[in-house]
Amino acid sequence: MAKDLILYYSRAGENYSNAGLKHIDIGNTEVIANYIKEFTDADMFKMEPLNEYPEDYMKCIEVAQEELNNNERPELKEYIEDISEYDTIYLGFPNWWGTMPMPVWTQLEKLDFEGKIIKPFVTHEGSGFGRSETDIKKICSGAELKKGLSIQGSFVDGAKDKVKNWVNE
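Residues numbered from 1 in each chain as written. Predicted model: local features only at pLDDT ≥ 70, side-chain atom pairs only at ≥ 80, totals over all residues. Heavy atoms only, no water.

Enquirer: Looking at this structure, how should I read the environment of Asp 56?
Expert: Its place among the elements puts Asp 56 in the loop between strand S4 (43–46) and helix H2 (57–69). Asp 56 sits in the partly exposed class, given a relative accessible area of 32%. For the pair Asp 56 and Asn 15, spaced 41 residues apart in sequence, the C-alpha separation works out to 8.3 Å. Setting aside residues up to four positions removed in sequence, Asp 56 forms contacts with Arg 11 and Glu 14. Of the polar contacts made by the side chain of Asp 56, one reaches the backbone nitrogen of Lys 59; its length is 2.8 Å. (Helix = DSSP H or I, 4+ residues; strand = E, 2+ residues; numbered from the N terminus. Buried < 20%, exposed > 50% of the residue type's maximum accessible area, 1.4 Å probe, protein only. Contact = heavy atoms within 4.5 Å. Polar contact = N/O pair within 3.5 Å; in protein donor to acceptor, adjacent residues only side chain to side chain.)

Right, dumping it as structure tokens:
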């Protein structure tokens, strides 16, 4: 029987939205991951960095930009070691500096995606996927990359039907 996995990174706390900076208790990407879980029987795995990002949004994005510029691979609290039992991977993340946050790179580079289907989803405030789909193709060689889902973070609470339609495509 085919199994699916929701593999995602999400950050709560102070976030940027179309209304400016605001505090969110659940990260935007996690909201979308939970919708996907509701419409599938997928397992979930949240990628969490060993060293948390600063709560302050401006400091967080400075750290994130530095990691990207230095091509860093931040350690995670735990890793998913084997995805051989999964056929489809729902891969979610916020767009940070035009691509995936570096903890996502850390996890993806440890996995074998040969023969897997990847359905990426991204939250953002206007930048969509940026170059992340190109980066996913490079990192996850051997996988088939399906059409992704791009949701503006400010609108995740009203995106349930959009997520359902995408999952069922």
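Enquirer: Even after reading the chapter, I still don't get helix H5 (residues 160–167), so can you show me in this structure?
Expert: One turn of an α-helix holds 3.6 residues; hence residues three or four places apart share an orientation. For H5, the complete set of buried residues consists of Val 163, Trp 166 and Val 167. Projected down its long axis, H5 shows its buried positions confined to an angular sector of 100°, all on one face. Residues Asp 161 and Asn 165 are exposed on H5 and point more than 90 degrees away from its buried face. Buried residues along H5 sit against helix H1 (28–39), strand S5 (88–94), strand S6 (117–124) and strand S8 (149–152). (Arc of directions from axis to C-beta.)

Enquirer: Is there a simple way to explain a negative patch on the surface in this structure?
Expert: On the surface, a cluster of negative charge is contributed by Glu 55, Asp 56, Glu 62, Glu 66 and Glu 72. Structurally, Glu 72 is set in the loop between H2 and S5. The class for Glu 72 is partly exposed, based on a relative accessible area of 31%. (Patch = residues over 30% accessible without salt bridge, like charges linked within 9 Å, V, L, I, M, F, W, Y side chains within 5 Å. Areas by Shrake-Rupley, 256 points an atom, 1.4 Å probe, with all protein chains shown as cover. Salt bridge = Lys/Arg side-chain N within 4 Å of Asp/Glu carboxyl O. Lys, Arg positive; Asp, Glu negative; His and termini not counted. Charge placed at Lys NZ, Arg CZ, Asp CG, Glu CD.)

Note that every value here comes from positions in space, so none of it alone points to a role or purpose.
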